[in-house]
Amino acid sequence: MAEKANKAIENHKNFYSCSAAVMCAFADEIGITEDEARATAAPFAGGNMIKCGAVLAAEYILSRKYPDKAPELISEYENRFISMNNSVICKELKGSLTGKPLRSCRGCVTDAAEILEKMYI
């Protein structure tokens, strides 16, 4: 596993939200501090914006790092995440509606960070 993905997992183990875990691991890639990353990631956490917060954090990193290519990179990113987990929707991933989780929050953090690091960083 790559360095930034490991950092994201450690962040999550240390009680960062899913979105903050990913955002803080990659903050240096877009020139923000960890405090700025946590603040930016806060609205994404816990499915507040429908999509998985870890996915939204990764997409934010992509949009800031590659603004000219963001739409196609985000589309490719989501396709890879969906191929691994069958969804990017938080409630679907957590199994909130079906009682059958597709992926744990820690698993989503892991996948979101690994995809981002392998493909783009």
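Presented here is an overview of the structure given in this document.

Conventions adopted
Residues numbered from 1 in each chain as written. Predicted model: local features only at pLDDT ≥ 70, side-chain atom pairs only at ≥ 80, totals over all residues. Heavy atoms only, no water. Axes fitted to C-alpha atoms, helices over the stretch in contact; angles between N-to-C directions. Helix = DSSP H or I, 4+ residues; strand = E, 2+ residues; numbered from the N terminus. Parallel < 35°, antiparallel > 145°, perpendicular 65-115°, else oblique. Left-handed = near helix turned anticlockwise from the far one by under 90°. Contact = heavy atoms within 4.5 Å. Nonpolar A, V, L, I, M, F, W, Y, C, P; charged D, E, K, R; others polar. Salt bridge = Lys/Arg side-chain N within 4 Å of Asp/Glu carboxyl O. Buried < 20%, exposed > 50% of the residue type's maximum accessible area, 1.4 Å probe, protein only.

## Digging into the packing of helix H1 (residues 3–13) against helix H2 (residues 18–26)
Orientation of H1 relative to H2, taken along the N-to-C sense of each, is 140°, at an axis distance of 8 Å. Relative to H2, the element H1 lies oblique. Crossing geometry of H1 relative to H2 is assigned as right-handed. Contact residues: H1 offers Lys4, Lys7, Ala8, Asn11 and His12, while H2 offers Cys18, Ala20, Ala21, Val22, Cys24, Ala25 and Phe26. Among the residues forming the contact of H1 with H2, the class breakdown is eight nonpolar, two polar and two charged.

## What about the pattern of salt bridges?
Should the charged atoms of two oppositely charged side chains come close, the side chains can pair. Enumeration according to the criterion identifies eight salt bridges in this entry. Linking Lys13 and Glu10 is a salt bridge whose minimum nitrogen-to-oxygen distance equals 3.6 Å. Highlighted residues: Lys13 and Glu10, both in helix H1, separated by three residues, approximately one helical turn. Where Glu78 meets Lys51, a salt bridge forms, and the shortest distance between an N and an O atom there is 2.3 Å. Taken together, the residues span a long stretch of sequence, with Glu78 in helix H5 (residues 70–85) and Lys51 in the loop between helix H3 (34–41) and helix H4 (53–65) at a distance of 27 residues. Judged by its relative accessible area of 21%, Lys51 falls in the partly exposed class.

## A short note on the environment of Glu59
Considering the arrangement of structural elements, one finds Glu59 in helix H4. The exposure class assigned to Glu59 is buried, which follows from its relative accessible area of 7%. Put simply, Glu59 and Ser83 are 24 residues apart on the chain and 16 Å apart in space, counted from C-alpha to C-alpha. Apart from the residues lying within four places of it in its own chain, the contact partners of Glu59 are Lys51, Ile74, Tyr77 and Glu78.

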